[in-house]
Amino acid sequence: MSYQALYRKFRPEDFDDVKGQEHIVTTLKNQIKADHIGHAYLFCGTRGTGKTTVAKIFARAVNCENPGEKGPCGECEMCRSIATGASMNVVEMDAASNNKVDDIRQVIEEVQYSPPQGKYKVYIIDEVHMLSTSAFNALLKTLEEPPSYLIFILATTEVHKIPLTIMSRCQRYDFKRISVETIAARLQELLDREGIQAEERALQYIAKLADGALRDGLSLLEQCISFYFGEKLTYEKVLSVLGAVDNDVYAAFAGKLAENNVAAMMEMIDGIIAEGKDLTRFCDEFIWYLRNILIVKSTEQPGHIIDMSEENLKTLMDIGESMEMEMVFRYIRVLSEVQNQMKYATQKRVLFEVALIKLCRPQMERDYESVVNRLHNIEEQIRRGIAAPAAEGGMIKGDSAQPPAAGGSSPGEAGETKQRLPKAVPEEVKELAANWYQVLNQLSREDKTMLAQATLTVDDNGSLVIAFAQDTCYSYFAGKEERKAALTQAAEQVAGKQVNIEYRFIKDRQEYDSLPELRGMFGDSDIEIEMME
């Protein structure tokens, strides 16, 4: 006999062999026992959860001459003929390839004839959501008034695509994702039958990758035992075959991310790719690792929710202490976005590396989570005695600026720092005006309020002109050297260049309104920053 895949070889033959769907199996068994058989069933749920398998068992059970607690007896003539495909009582149809109205019309013609033997004629239509609108309409009348001997079992992974007129005429059964423990136990049971040894940790990992689909778990298991034929299946071997990464790697990667160590993360990515690991799966698994960090930070007993050893759990807690909750939210959001893009991208590595750089530079975003991330980075730098770089203000060109001293600087030191900075050219001053909200982040609330009434422009000499139409706002800065100095320092820290700032009071409203507003390039970014304080 030719080789059969594990999921076909060990397909359940009766209801007791079905795992993880007890709520559905019990209902169907009771219907058979009470002879309350419905005429239409809708089985919906994710792939590999047993929809078609339960449909076939149910089709045999309603035609079985001696049904029992397990469903079909498997020994009578009807059970044997259905199992071999010789019976006309059970018809399977793939709606993905037979989705036209003519295909359904043929079915309607066939159901007019009662079965030559047995009680029921059962039609199992898989992927029923693929039927065309005309095909659904053609099927509707038969579903509404079917012959007494007819049963329709419709299976789908996308129940939202089923018309409500069809759903209302069916008994709906939702197949749940199968738990990791149930899948692992089933894999161990089948390996015992095959005489193959495997570590419990290896089977647990395969069950986790199956994502609630037992069939996927069997396919992954078969891939592993085929590669290591005749050998005991270990956790390390499973990682090697499936292109997965050990938990310690995710822990180290999360630690480097918390430190904003882009270079170290790039080296790790290079090693992961060199070993033939799948980058999309790595991203997916790392998102799950970050999810575990959220659980650790949100619950008092994370061990009840997260299935891992005490050692790994302690590592998770240590990494979680170095991250704010909002930071982890941001990491998951950005990585989830890039994960969706990686599924269809040809340059997966480029997308992932850009996302990592983005995670380490929260100044590239202006949402609340990014602001918290930036504050956390500054606090960490202060704690370690490292001055925050000028680029933390937001403009990438600021990397060339000299960072201010951690504990403040004397006027002489500030003068030396200013002399070392090159003078900003007009284009750089315009860019500074466009990023004005980053300057405002470093000022007091009163300064922000007064500057909100001003217009920013650049004169012919390349100076940043702050024009006021209200005398009160202009007087707030005019003659107040400490306020001017604070604003100049903030602007130069963002720009990384020397910036000359002029303050003008323009009484003529028409002249004031004619000034080009460079800050408008960013809309109301400064107002958003105001609200977040």
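Heads up: these notes are all about the structure in this document. (Residues numbered from 1 in each chain as written. Predicted model: local features only at pLDDT ≥ 70, side-chain atom pairs only at ≥ 80, totals over all residues. Heavy atoms only, no water.)

Digging into the overall build of the protein
Secondary structure summary: the protein contains 26 helices and eight strands in total. Expressed as a percentage of the 533 residues in the protein, the buried residues total 47%. In the protein, the share of contacts with a sequence separation of at least 24, taken over all contacts with a separation of at least 6, comes to 72%. Roughly 27,200 Å² of accessible area belongs to the protein as shown, and the carbon and sulfur atoms make up 49% of that amount. (Helix = DSSP H or I, 4+ residues; strand = E, 2+ residues; numbered from the N terminus. Buried < 20%, exposed > 50% of the residue type's maximum accessible area, 1.4 Å probe, protein only. Contact = heavy atoms within 4.5 Å. Areas by Shrake-Rupley, 256 points an atom, 1.4 Å probe, with all protein chains shown as cover.)

Overview of the state of the cysteines
Enumeration according to the criterion identifies zero disulfides in this entry. Cysteine 79 forms no disulfide, and the closest cysteine sulfur to it belongs to cysteine 76, at a distance of 3.4 Å. Judged by its relative accessible area of 2%, cysteine 79 falls in the buried class. (Disulfide = S-S within 2.5 Å.)

Regarding the packing of aromatic side chains
The full count for this structure, using the stated rule, is 20 aromatic pairs. Taken together, a centroid distance of 5.0 Å and an interplanar angle of 90° make the contact between phenylalanine 253 and phenylalanine 286 edge-to-face. Taken as a pair, phenylalanine 253 in helix α12 (residues 247–258) and phenylalanine 286 in helix α14 (residues 279–298) lie far apart in primary sequence, 33 residues in all. Residues phenylalanine 253 and phenylalanine 286 agree in their burial class; the two are buried. An aromatic cluster is defined as three or more aromatic residues linked by ring pairs; in this entry it consists of Tyr250, Phe253, Phe282, Phe286, Tyr289 and Phe352. Stacked on the ring of tyrosine 476, the Lys or Arg arginine 483 has its end atom at 3.8 Å from the ring centre. (Phe/Tyr/Trp six-rings, centres within 6.5 Å; stacked < 30°, edge-to-face > 60°. Lys NZ or Arg CZ within 6 Å of the ring centre and 35° of its normal.)

Regarding the packing of α12 against helix α15 (residues 310–321)
Interhelical geometry of α12 versus α15 gives an angle of 10° and a closest axis separation of 10 Å. Here α12 is positioned roughly parallel relative to α15, judged by the angle of their axes. For the pair α12 and α15, the contacting residues are Asn247, Asp248, Ala251, Ala254 and Gly255 in the first and Asn312, Thr315 and Ile319 in the second. Class assignment of the residues belonging to the contact of α12 with α15 gives a composition of three nonpolar, four polar and one charged. (Axes fitted to C-alpha atoms, helices over the stretch in contact; angles between N-to-C directions. Parallel < 35°, antiparallel > 145°, perpendicular 65-115°, else oblique. Nonpolar A, V, L, I, M, F, W, Y, C, P; charged D, E, K, R; others polar.)

Quick look at the sheet that holds strand β7 (residues 464–468)
If you trace the three strands from one edge of the open sheet to the other, you get β6-β7-β8, paired in mixed fashion. The sheet terminates laterally at β6 (454–458) and β8 (501–505), the two strands that pair on one side only. Mean inter-strand twist for the sheet, computed between neighbouring axes without regard to direction, equals 25°. Sheet topology note: the β7/β8 ladder contains five bridges and is parallel. Along β8, the bridge assignment pairs phenylalanine 468 with phenylalanine 505. Along the sheet face, helix α24 (residues 481–495) touches β7 and β8 and points at about 130° away from the line of β8. (Pairing = 2+ DSSP bridges.)

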